[in-house]
Amino acid sequence: MAELSLAQATHSFGGHPLLDRASLHVERGERIGLLGRNGSGKSTLLQIFTGAIVPDEGEVAYRQGLRVAGLEQEVPRSLRGTVLAQLQAALEGEPVEDWQVAEFIEKTLQHLSLDPASDVEHLSAGSKRRVMLARALVVQPDLLILDEPTNHLDLQAIRRLEDHLLRRSGSLVFVTHDRAFLMKLATRIVALDRGRLASYPGDYGKYREMKDAELVSEEMQNVVFDKKLAQEEAWLRRGIKARRTRNQGRVRALRAMREKRAQRREIVGRVSAKVQTAERTGQIVARTTDLTHSFGQGPLIRDLSLEIQRGDRIGIVGPNGCGKTTLLRIITGELEPEKGGLKLGTNLRVARFDQLHSTLDQNKSVQENICDEGDTVTVAGKSRHVIGYLQDFLFTTDQIRGPVDRLSGGERNRLQLARILSRPCNVLILDEPTNDLDVETMELLEEILMDFDGTLLVVSHDRVFLDNVVTSTLVFEGEGRVREFVGGYEDWQRHRTEEQARARKPAATSEKPKYSERPRRLSFKEQEELEALPGEIERLEEERGALEEKMVDPAFYKGEESEIAAAVARLEEIRLSLEWSFERWEQLEAIAEAQR
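Predicted model, so just to flag it, every value in this text is computed and none were measured. (Residues numbered from 1 in each chain as written. Predicted model: local features only at pLDDT ≥ 70, side-chain atom pairs only at ≥ 80, totals over all residues. Heavy atoms only, no water.)

## Comments concerning the overall build of the protein
Okay, so step 1: Within the protein, the secondary structure is distributed over 18 helices and 20 strands.
Okay, so step 2: A sequence separation of at least 24 residues applies to 69% of the contacts in the protein between residues at least 6 apart. (Helix = DSSP H or I, 4+ residues; strand = E, 2+ residues; numbered from the N terminus. Contact = heavy atoms within 4.5 Å.)

Given below as structure tokens:
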């Protein structure tokens, strides 16, 4: 039996249903990445899985004895007390022996690097998210439900979380905008599109290929249908022949076509936008000299000398609370440093994206946040009505006239983007811009930023986003040290690995060695293994391809649950076997190369 089964579920909050006769089976041990546009109903579906919401129609069935725990997208205001008290409260009422409580809590605290004595109310947003995650993990759930688990976490915390979730034996359903996190964890992608759920085996890259092909096919079918409908409507308008008895069947068919067309839910469009670049800045945008700034006990920034030139695209990374946002405020002149010099360039037109949405007025409507009392905005030198402009960012008319506090986190981020892009700028400051955005909108944001020819400073924990957007990276290394590296996240990681390898290498001495160490040679058994590995890898890849092709067929998921579970488990076994085989082949090939 599946861990969880959703059958013909329908749910709405008015308007089009978020779920429209949706069905899904979650098998034991699989890790499902749930994708969909902002507002499509992903969080609602996860709340149905945890039992927080009951669907209007349909059924949710759980395996007997299944233990479910979840992480919400928003941090509840009621989160108070110490970290230890929060974990103890999570275990209350759970079928756990007294001696296990301390063990479970200790392991969870260690995995997430949490201080049990910390007061939750005074923790940062990222630390509060880790406490909520700890509450879900400490009960050792069979099925873990995570809604945007990487939000507000720093890169180190995200990597630890990835490693922990990979080691878990239970099932996992998660929503994330972090493509690196998604690609590392998901064994299956499930897409929520216009109320329906569709399953795609394999990783995110394969999902994109299959989904794009589906959308092209759907568009072509709609074009053919609409053409036939137009022909039938023209036939009906031609007159009396349509009302003859022998043509009534055709008239009824036309009515059915009209009904089908009326019920069609169109593909959600893409955000349409571009940065309005203001007049160019001077060559130097900002220069710091021996900059030092402290907060609390130690320095956040110490002796930082930095020159930002026009057109630079700089990513800023580091642990939560290390001073990334503080550095942005100093560079833009909002905050005066304790020591050191700061010189700002000329003709700066700065636009800023704030992760806390402080640039939005919560007491105003969406429309008023763009143009106050007016109803037009000037974009690329042309006047546009604000409703049409905001519809380019996928807001409905009701949302545009409604208050900001009714928007989801992703929708507020889109509104901030709309506000920024409605005003010319030549310096863009983005503080965690990818939080809560759906993957498609985030990829579009990357395209917008790549076309921007001004200066970009971005704080982000999204590794793929950084690699795609920035050309250099400022890294907070602790104790106030900030270093600059050429390239994005992967370039920094490669540089750090090389530095660590050099540090471990013993220093060369002038003393000659007493003997020359011969390189190790492959044994006969290892030589046979090396020769066999390419064939084994090829066989595994062929089996994986055949299995994925079989699982693409929607009819596959209507078969026996035991067969589905076996296929999912085998796909994971193949993935692990391929990883081991490639690693072993590299080891043996390196030894063979050294002895040649």
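## Examining the packing of helix α2 (residues 83-91) against helix α3 (residues 98-112)
When two helices pack together, their arrangement is given by the angle between the helix axes and the distance between those axes.
Okay, so step 1: Their axes nearest at 11 Å, the elements α2 and α3 cross at an angle of 130 degrees. With respect to α3, the axis of α2 lies oblique. Helix-helix and strand crossings are classified by hand; for α2 and α3 the assignment is right-handed. For the pair α2 and α3, contact is made by Val83, Leu84, Leu87, Gln88 and Leu91 and by Val101, Phe104, Ile105 and Leu109, respectively.
Okay, so step 2: Looking at side-chain class alone, the contact of α2 with α3 contains 8 nonpolar, 1 polar and no charged residues. (Axes fitted to C-alpha atoms, helices over the stretch in contact; angles between N-to-C directions. Parallel < 35°, antiparallel > 145°, perpendicular 65-115°, else oblique. Left-handed = near helix turned anticlockwise from the far one by under 90°. Nonpolar A, V, L, I, M, F, W, Y, C, P; charged D, E, K, R; others polar.)

## Some thoughts on the side chain of Arg463
Okay, so step 1: With respect to the helices and strands, Arg463 occurs in helix α15 (residues 463-469).
Okay, so step 2: A polar contact is formed between the side chain of Arg463 and the side chain of Glu162, at a distance of 2.6 Å.
Okay, so step 3: Leave out the neighbours within four places in its chain, and Arg463 touches Leu155, Ile158, Arg159, Glu162, Asp178, Ala180, Phe181 and Tyr489. (Polar contact = N/O pair within 3.5 Å; in protein donor to acceptor, adjacent residues only side chain to side chain.)

## Let's talk about the environment of Ile301
Okay, so step 1: As for its position among the elements, Ile301 is in strand β11 (residues 298-309).
Okay, so step 2: For Ile301, a relative accessible area of 0% corresponds to the buried category.
Okay, so step 3: When the C-alpha atoms of Ile301 and Arg481 are compared, they prove to be 6.3 Å apart, with 180 residues separating the residues in sequence.
Okay, so step 4: Not counting chain neighbours up to four residues away, the residues in contact with Ile301 comprise Leu291, Thr292, His293, Gly323, Leu327, Ile330, Phe476 and Gly480. (Buried < 20%, exposed > 50% of the residue type's maximum accessible area, 1.4 Å probe, protein only.)

## Examining the pattern of salt bridges
Okay, so step 1: Enumeration according to the criterion identifies 29 salt bridges in this entry.
Okay, so step 2: Between Glu446 and Arg179 there is a salt bridge, and its shortest N-O distance comes to 2.4 Å. In this pair, Glu446 is assigned in helix α14 (residues 439-451) and Arg179 in helix α6 (residues 179-185), connecting sequence segments 267 residues apart. Residues Glu446 and Arg179 agree in their burial class; the two are buried.
Okay, so step 3: As a salt-bridge pair, Arg483 and Glu499 come within 3.0 Å of each other at their nearest N and O atoms. A residue pair is termed long-range when its members are at least 10 positions apart, and Arg483 in strand β20 (residues 481-486) and Glu499 in helix α16 (residues 489-504) qualify at 16 residues.
Okay, so step 4: Relative accessible area serves as the criterion here: at 25%, Glu499 is assigned to the partly exposed category. (Salt bridge = Lys/Arg side-chain N within 4 Å of Asp/Glu carboxyl O.)

## A look at the packing of aromatic side chains
Okay, so step 1: Taken as a whole and judged by the stated rule, the model has 3 aromatic pairs.
Okay, so step 2: Judged by centre distance (5.6 Å) and plane angle (90 degrees), the rings of Phe174 and Phe181 are edge-to-face. For the pair shown, Phe174 and Phe181 are each scored as buried.
Okay, so step 3: Centroid distance Tyr200 to Tyr207: 5.1 Å. Interplanar angle 75 degrees. Geometry classified as edge-to-face. Each member of the pair, Tyr200 as well as Tyr207, is classed as buried.
Okay, so step 4: Against the face of Phe395 rests Arg414, its NZ or CZ located 5.1 Å from the ring centre.
Okay, so step 5: Here the basic side chain of Arg496 rests over the ring of Trp492, its NZ or CZ set 5.2 Å away from the ring centre. (Phe/Tyr/Trp six-rings, centres within 6.5 Å; stacked < 30°, edge-to-face > 60°. Lys NZ or Arg CZ within 6 Å of the ring centre and 35° of its normal.)

## A word on the sheet that holds β11
Across a sheet, paired strands are connected by hydrogen bonds in the backbone, their directions being either parallel or antiparallel.
Okay, so step 1: Pairing in this open sheet of 3 strands is antiparallel, and the strands run β11-β10-β13 from one edge to the other. On the outer flanks of this sheet lie β11 and β13 (339-344), each paired with one strand and no other. On average, each strand axis in the sheet is inclined to that of its neighbour by 15 degrees, with strand direction left out of account.
Okay, so step 2: Of the pairings in the sheet, the one linking strand β10 (residues 284-295) to β13 comprises 5 bridges and is antiparallel in character. Paired with Thr292 across the bridge in β13 is Lys339. (Pairing = 2+ DSSP bridges.)

## Looking at the packing of α3 against helix α4 (residues 125-138)
Okay, so step 1: At a minimum axis distance of 10 Å, the contact between α3 and α4 shows a crossing angle of 140 degrees. With respect to α4, the element α3 is oriented oblique. You can see that α3 and α4 cross each other, and the crossing is right-handed. Residues Phe104, Ile105, Thr108 and Leu112 of α3 form the contact with α4, whose own contacting residues are Arg130, Leu133, Ala134, Leu137 and Val138.
Okay, so step 2: Classifying every residue of the contact of α3 with α4 by side-chain character gives 7 nonpolar, 1 polar and 1 charged.

## Observations regarding α3
Okay, so step 1: Compared with the 21 Å implied by 1.5 Å per residue over 15 residues, the 22 Å span of α3 between its first and last C-alpha is a close match.
Okay, so step 2: The set of residues buried in α3 consists of Gln100, Phe104, Ile105, Thr108, Leu109 and Leu112. When α3 is viewed along its axis, its buried side chains cluster within an angular range of 160 degrees and face the same direction. Turned more than 90 degrees from where α3 packs its buried face, Trp99, Ala102, Glu106 and Gln110 sit exposed.
Okay, so step 3: Where α3 is buried, its residues meet α2, α4 and α5 (155-167).
Okay, so step 4: Two residues or fewer after α3 comes Ser113, characterised by a positive phi angle close to 50 degrees. (Expected span 1.5 Å × (residues − 1). Arc of directions from axis to C-beta.)

## Considerations on the sheet that holds strand β19 (residues 472-478)
Okay, so step 1: Judged by pairing direction, the sheet is mixed, and its 6 strands sit side by side in the order β14-β17-β18-β12-β19-β20 without closing on themselves. This sheet does not close on itself; its edge strands, each paired only once, are β14 (350-353) and β20. The average undirected angle you get between the axes of adjacent strands in this sheet is 15 degrees.
Okay, so step 2: Pairing between strand β12 (residues 313-317) and strand β18 (residues 455-459): 4 bridges, direction parallel. Bridge pairing in β18 links Ile316 to Val459.
Okay, so step 3: Packed onto the sheet, helix α13 (residues 409-421) meets β14 and β17 (427-431) and runs at close to 175 degrees relative to β14.

## A look at the nonpolar core
Okay, so step 1: By size, the foremost hydrophobic cluster in this structure holds 44 residues, and its most contacted members are Ile370, Tyr389, Leu390, Leu415, Leu428 and Leu449.
Okay, so step 2: Beyond its immediate chain neighbours, meaning those up to four positions away, Leu449 contacts Arg313, Leu428, Leu430, Leu456, Phe465 and Val469. (Core = buried A, V, L, I, M, F, W, Y, C linked by side-chain atoms within 4.5 Å.)

## Comments concerning the confidence of the model for the protein
Okay, so step 1: Taken over all residues, the pLDDT of the protein has a mean of 82, while the share at 70 or more is 85%.
Okay, so step 2: Contacts of residues 512-516 to residues separated by more than four positions or lying in other chains number 0 contacts, the stretch itself having pLDDT below 50. (pLDDT = per-residue confidence, 0-100.)

## Describing the environment of Gly318
Okay, so step 1: Here Gly318 is to be found in the loop between β12 and α9 (324-331).
Okay, so step 2: On the basis of relative accessibility, which here comes to 18%, the residue Gly318 falls in the buried class.
Okay, so step 3: Once the C-alpha coordinates of Gly318 and His461 are considered, the two residues, 143 residues apart in sequence, prove to be 8.5 Å apart.
Okay, so step 4: Once residues lying within four places of it in the same chain are set aside, the contact partners of Gly318 are Asp154, Lys324 and Phe476.

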